Amino acid sequence: MLAGRLYGVGLGPGDPELLTVKAVRLIGACPVVAYFTKSGRRGNARTIADRWIPRTCEELPLGYPLTTEIPFDHPEYIAALSQFYEEATAKLAERLRRGLDVALLAEGDPLFYGSFMHLFVRLKDEFATEIVPGVTGMAGCSSAARAPMAWGDDVLSVLPGTLPFEALVERLERSDAAVVMKLGKNFAKVRRALAATGRLERALYVERGTMPEEKVTPLAQKADDEAPYFSILLVPGQGRRP
């Protein structure tokens, strides 16, 4: 029996209509559709792909044991996530060995800060794999904000908010434009870094870009430090143009 093929299917930033034609086709064709979620919940990926998932497929939710309960660099977090990825890999491998193709859904793009990558590196040497790129969250958010990000020779940096304050300041100072992701509990620190580098006034806060609950706010006007999972900070460039 031939082994199945693993597809990493990018879902885009949240609007179900921003899936590619190829993504929709594969979701509808694969006998197994897997997706990441928080244990006990439906999950964002499943919600985004809802209209495209056929009733005839096997749905395979992969529930994280932890998300933001403890710091990402805590030994317990690292151990729990490592075990989770190993168990998730085993679940996919069992179906692939039975000759079943698996569509593993990935919010945004599969190879851009995605959980898909952790399973991909564990499975790619044994099984045929294919990546279906998706619209990144930052692209969806800049479109929602109608904010041109990089002009002419602008250098665009994509920064995780988990970086130390000093590292954020250093990288922001060296960039003409920036996207800051992974906000959450790091929001206040990121705001301070933007203020320290003179970028606070042109920064935009985007929450749930392309989704029904979308919010776009100049960062200087945002009074609190709350930043849910689907939130990004944009610092548009101001570079060369005709």
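The notes below deal with the structure included here.

Digging into the pairing of strand β1 (residues 6-10)
Consideration 1: Of all five residues that make up β1, five are buried, and the element is covered over most of its length.
Consideration 2: Side chains L6, G8 and G10 project from β1 onto one buried face, and the interleaved Y7 and V9 project onto a second face that is buried too.
Consideration 3: Sheet topology note: the β1/strand β4 (residues 102-106) ladder contains five bridges and is parallel. Paired with L6 across the bridge in β4 is V102.

Describing the sheet that holds strand β2 (residues 32-38)
Consideration 1: Spatial ordering of the open sheet is given by β3-β2-β4-β1-β5, a layout of five strands whose pairing is parallel. Sheet topology places β3 (58-64) and β5 (129-132) at the edges, where each strand pairs with a single neighbour. Direction aside, the axes of adjacent strands within the sheet are offset by 25° on average.
Consideration 2: Bridge analysis of β2 against β4 gives four bridges, and the strand direction is parallel. The residue bridging V32 from the neighbouring strand is V102, located in β4.
Consideration 3: Running at roughly 160° to β1, helix α4 (residues 116-123) makes contact with β1, β2, β3, β4 and β5 of the sheet.

Points about the side chain of R199
Consideration 1: With respect to the secondary-structure elements, R199 resides in the loop between α7 (187-196) and β8 (204-207).
Consideration 2: Buried within the structure, R199 lacks any salt-bridge partner; D176 is the closest side chain of opposite charge, at an N-O distance of 6.0 Å.
Consideration 3: Within polar-contact distance, the side chain of R199 engages the backbone oxygen of S175 at 2.9 Å.
Consideration 4: Apart from the residues lying within four places of it in its own chain, the contact partners of R199 are L172, E173, S175, L194 and V235.

Digging into the side chain of T210
Consideration 1: In this structure, T210 sits in the loop between β8 and β9 (215-218).
Consideration 2: The exposure class assigned to T210 is buried, which follows from its relative accessible area of 18%.
Consideration 3: At a separation of 3.2 Å, a polar atom in the side chain of T210 contacts the main-chain amide nitrogen of D15.
Consideration 4: Residue contacts for T210: discarding those within four places in its chain leaves P13, G14, D15, L18, G140 and A144.

Some thoughts on the pattern of salt bridges
Consideration 1: A full pass over the atoms with the stated rule returns 15 salt bridges.
Consideration 2: The salt bridge partner of E94 is R98, with a shortest N-O separation of 2.7 Å.
Consideration 3: In this structure, D224 and K222 form a salt bridge, with 2.7 Å as the shortest nitrogen-oxygen distance.
Consideration 4: The exposure class of D224 is partly exposed, given its relative accessible area of 37%.

So, how was this worked out
Residues numbered from 1 in each chain as written. Predicted model: local features only at pLDDT ≥ 70, side-chain atom pairs only at ≥ 80, totals over all residues. Heavy atoms only, no water. Buried < 20%, exposed > 50% of the residue type's maximum accessible area, 1.4 Å probe, protein only. Helix = DSSP H or I, 4+ residues; strand = E, 2+ residues; numbered from the N terminus. Pairing = 2+ DSSP bridges. Axes fitted to C-alpha atoms, helices over the stretch in contact; angles between N-to-C directions. Contact = heavy atoms within 4.5 Å. Lys, Arg positive; Asp, Glu negative; His and termini not counted. Salt bridge = Lys/Arg side-chain N within 4 Å of Asp/Glu carboxyl O. Polar contact = N/O pair within 3.5 Å; in protein donor to acceptor, adjacent residues only side chain to side chain.

Remember that the coordinates give geometry; whether it matters functionally is a separate question.
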